[in-house]
Number of protein chains: 2
Amino acid sequence: MALRHAVLAALLDEELSGYQLAKAFGLGVANFWHALPQQLYAELARLERDGLVSGREVVQDTRPNKRLFTATDAGLAELERFAATANKPSFIRDDLLVKVQAADHVAAGALIEQLAERAAFADAKIELLGGLLRKMRGGMSEEEFLRHGERIGPYLTCLRGIAFEQGNRDWCRRSAAILEERRTAHARG
Amino acid sequence: MALRHAVLAALLDEELSGYQLAKAFGLGVANFWHALPQQLYAELARLERDGLVSGREVVQDTRPNKRLFTATDAGLAELERFAATANKPSFIRDDLLVKVQAADHVAAGALIEQLAERAAFADAKIELLGGLLRKMRGGMSEEEFLRHGERIGPYLTCLRGIAFEQGNRDWCRRSAAILEERRTAHARG
DNA sequence: GGCGACATGTAACAAGTTACATGATTTA
DNA sequence: TAAATCATGTAACTTGTTACATGTCGCC
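From a predicted model like this one, the values you see are computed outputs, not experimental measurements. (Residues numbered from 1 in each chain as written. Chains lettered and ligands numbered in written order. Predicted model: local features only at pLDDT ≥ 70, side-chain atom pairs only at ≥ 80, totals over all residues. Heavy atoms only, no water.)

1. Observations regarding the relation of the copies chain B and chain A
Phase 1 of the analysis: Of the transformation superimposing chain B on chain A, the axial component is 0.0 Å and the angular component is 180°, with the fit at an RMSD of 0.0 Å. Within this description, the copies of the chain are treated as partners about a two-fold rotation axis. Considering only C-alpha atoms, the residue of chain B closest to the rotation axis is isoleucine 92 of chain B, which sits at 2.4 Å.
Phase 2 of the analysis: When the interface residues of chain B are mapped onto chain A, 100% of them again lie at the interface, so the same face is used by both copies. (Least-squares fit on C-alpha atoms with pLDDT ≥ 70 in both. Contact = heavy atoms within 4.5 Å.)

2. Some words on the interface of chain B and chain A
Interface extent is often summarised as the accessible area lost during association of the parts.
Phase 1 of the analysis: Opposite the 65 residues of chain B that make contact, chain A presents 65 residues.
Phase 2 of the analysis: Summed over both sides, the interface between chain B and chain A buries roughly 6,500 Å², with carbon and sulfur atoms accounting for 58% of that surface.
Phase 3 of the analysis: Summed over the three residues of chain B that lose the most area to chain A, namely Arg93, Gln101 and Arg160 of chain B, the buried surface amounts to 12% of that side.
Phase 4 of the analysis: With its nearest N and O atoms 3.2 Å apart, the salt bridge here joins arginine 174 of chain A to glutamate 142 of chain B.
Phase 5 of the analysis: Run the count over chain B and chain A and you get 40 residue pairs in polar contact (both at pLDDT 80 or more).
Phase 6 of the analysis: Grouping the amino acids of the side of chain B that touches chain A by side-chain chemistry returns 31 nonpolar, 17 polar and 17 charged. (Buried area = accessible area lost by both parts, 1.4 Å probe. Salt bridge = Lys/Arg side-chain N within 4 Å of Asp/Glu carboxyl O. Polar contact = N/O pair within 3.5 Å; in protein donor to acceptor, adjacent residues only side chain to side chain. Nonpolar A, V, L, I, M, F, W, Y, C, P; charged D, E, K, R; others polar.)

3. A closer look at the UniProt feature "domain: Transcription regulator PadR N-terminal" (unreviewed entry) in chain A
Phase 1 of the analysis: Residues annotated in UniProt with the feature "domain: Transcription regulator PadR N-terminal" (unreviewed entry) correspond here to residues 7-80 of chain A.
Phase 2 of the analysis: A distance of 14 Å separates the end C-alpha atoms of residues 7-80 of chain A, which is 46% helix and 16% strand. (UniProt positions renumbered as here; feature names shortened; annotations may be inferred. Helix = DSSP H or I, 4+ residues; strand = E, 2+ residues; numbered from the N terminus.)

4. Points about the pattern of salt bridges
Phase 1 of the analysis: Taken as a whole and assessed by the stated rule, the structure comprises 36 salt bridges over all chains.
Phase 2 of the analysis: With a closest N to O distance of 2.9 Å, glutamate 143 of chain A and arginine 147 of chain A form a salt bridge. Here the residue glutamate 143 of chain A and the residue arginine 147 of chain A both occupy positions in helix 7 (residues 142-148), the gap between them amounting to 4 residues, near one helical turn.
Phase 3 of the analysis: For arginine 147 of chain A, a relative accessible area of 41% corresponds to the partly exposed category.
Phase 4 of the analysis: Its salt-bridge partner being arginine 173 of chain B, residue aspartate 123 of chain B comes within 3.1 Å of it at the nearest N-O pair. Of this pair, aspartate 123 of chain B sits in helix 6 (residues 108-137) while arginine 173 of chain B is found in helix 8 (residues 153-188), placing the two residues 50 residues apart along the sequence.
Phase 5 of the analysis: Three or more residues are tied together by salt bridges with common partners; here these are Arg4, Glu43, Arg46, Arg49 and Asp50 of chain A. (Buried < 20%, exposed > 50% of the residue type's maximum accessible area, 1.4 Å probe, protein only.)

5. Quick look at the protein's contact with DNA strand C
Phase 1 of the analysis: As a structural note, the neighbourhood of DNA strand C is formed by 24 residues, with Gln60 and Arg93 of chain A together with Met1, Gln39 and Thr62 of chain B the closest of them.
Phase 2 of the analysis: If you look at DNA strand C and keep only atoms within 4 Å of the protein, 69% of those are sugar or phosphate atoms.
Phase 3 of the analysis: Between arginine 93 of chain A and DNA strand C, the recorded distance is 2.7 Å, taken from a side-chain N or O atom to a phosphate oxygen.
Phase 4 of the analysis: At 2.9 Å, a side-chain N or O of glutamine 39 of chain B approaches a phosphate oxygen of DNA strand C.
Phase 5 of the analysis: Elements with a minimum of two residues in the surface near DNA strand C: helix 2 (18-26), helix 3 (37-49), strand 2 (66-71) and strand 3 (91-93) of chain A together with helix 3 (37-49) of chain B.
Phase 6 of the analysis: A total of 3 residues in the surface near DNA strand C trace back to one element, the largest contributor, which is helix 2 of chain A.
Phase 7 of the analysis: Here the surface near DNA strand C is composed, by residue class, of 8 nonpolar, 9 polar and 7 charged. (Near = heavy atom within 4 Å.)

6. Some points on the UniProt feature "domain: Transcription regulator PadR C-terminal" (unreviewed entry) in chain A
Phase 1 of the analysis: Within this structure's numbering, the places UniProt gives as "domain: Transcription regulator PadR C-terminal" (unreviewed entry) are residues 92-180 of chain A.
Phase 2 of the analysis: For the annotated span residues 92-180 of chain A, helix accounts for 81% and strand for 2% of the residues, and the straight-line distance between the end C-alpha atoms is 27 Å.

7. Topic: the domain arrangement of chain A
Residue and element names in this part refer to chain A.
Phase 1 of the analysis: For chain A, the assigned domains are domain 1 (3-83) and domain 2 (95-188).
Phase 2 of the analysis: Here the C-alpha centroids of domain 1 and domain 2 sit 27 Å apart.
Phase 3 of the analysis: Facing the 6 residues of domain 1 at the interface are 9 residues of domain 2.
Phase 4 of the analysis: Contact with domain 2 buries area across many residues of domain 1, yet Asp13, Leu27 and Asn31 alone supply 80% of it, more than any other trio. (Domains from an automatic or database assignment.)

8. With respect to the protein's contact with DNA strand D
Phase 1 of the analysis: If you check the shell around DNA strand D, you find 24 residues, and the closest are Met1 and Thr62 of chain A together with Tyr19, Gln60 and Arg93 of chain B.
Phase 2 of the analysis: Within 4 Å of the protein, the atoms of DNA strand D are drawn from sugar and phosphate moieties in a proportion of 69%.
Phase 3 of the analysis: Between a phosphate oxygen of DNA strand D and a main-chain N or O atom of methionine 1 of chain A, the distance comes to 2.8 Å.
Phase 4 of the analysis: Taking glutamine 39 of chain A, its side chain carries an N or O atom lying 2.9 Å from a phosphate oxygen of DNA strand D.
Phase 5 of the analysis: Among the elements of the structure, helix 3 of chain A together with helix 2 (18-26), helix 3, strand 2 (66-71) and strand 3 (91-93) of chain B are those that each provide at least two residues to the surface near DNA strand D.
Phase 6 of the analysis: For the surface near DNA strand D, the element with the highest residue contribution is helix 2 of chain B, accounting for 3 residues.
Phase 7 of the analysis: Looking at the surface near DNA strand D residue by residue, the classes come out as 8 nonpolar, 9 polar and 7 charged.

Here's what the structure looks like:
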């Protein structure tokens, strides 16, 4: 039950609907936690039942009505308790890396293509996350914001996400180039 | 059922027991896939049942007997098929990042401590993975190995793992320093 | 007129985690 | 002599995924 804490952390600074939360898990939160919309709706229901978040109905004319959630005092207390517990080792799963592990045994062409796609995807994500950072720090420089800004938690995790995607991009491009060169050399040889 | 492919990829270059496989998932394979020993024993049984790996009993005097597994031709074919399918988005979960997301609302002390621990852990892992790389490339330089080495798949994923841990370490140290400075400034103010 | 965004879920199934179980050997 | 390593699992429980279900509004 750790999705619980990721959801609470996402609801600390903003009041969000399930739908908006799902979008957050598709971008900023994705830097440290993966979850599908269905899980989020279910978790919000459990969190509300347990008094860790509270929801309020917002009636809309032009859009379907929605419920906006925030963490309650009990929710914040739960997060504080969680922050003092031991960390599980970080958890990664990546199909593409599984394929690269098998690179010497599978067709190189498809792999090189997928590495290029992933690199392009990483570039796009870096752009998006960069936009989030600019939005968060407003007019401030990064240095000033990190010293004196009000809420730096989401900024820091976003920085980690950008660095991760840069690492991804660089590694994908380099690996693709290496596989391509080996393929060419083999075709010549 | 994607653990299946991670296990197959790990069994391409080496004949491993369940126990040794679990160790691989604790180090090299952990760079792209997370799984517990119990899952691996169960998955090996399923893979063998489906003819994708084959096991052979090895009788030992001083240690309990063990079964060594390798991928069969059918297993390799399954991996080739997998290599041509679309990738799921990469999957990350990290308790520590959840806590940093909530950094503005929870006690800074514990967080700074955990960031320092994680940085030290990353350093240790970089050392271990660096050792793996040296072992894989033998006497060759990295450039030569990547051009002419026989099996570069595991080498490439290991490079990604090292870069990931370096990114982790740098981000942890920087974040800890920022949180520390803010805490000190607050205490002074 | 079709597609994507908004908005919220349920149900069936697959996968992962935690706790338990056993027992010899080597190292500190 | 206590702890770690080698070696392999089972059982109960919790979580996550896939497929389905519904309906409006705005844009191209």
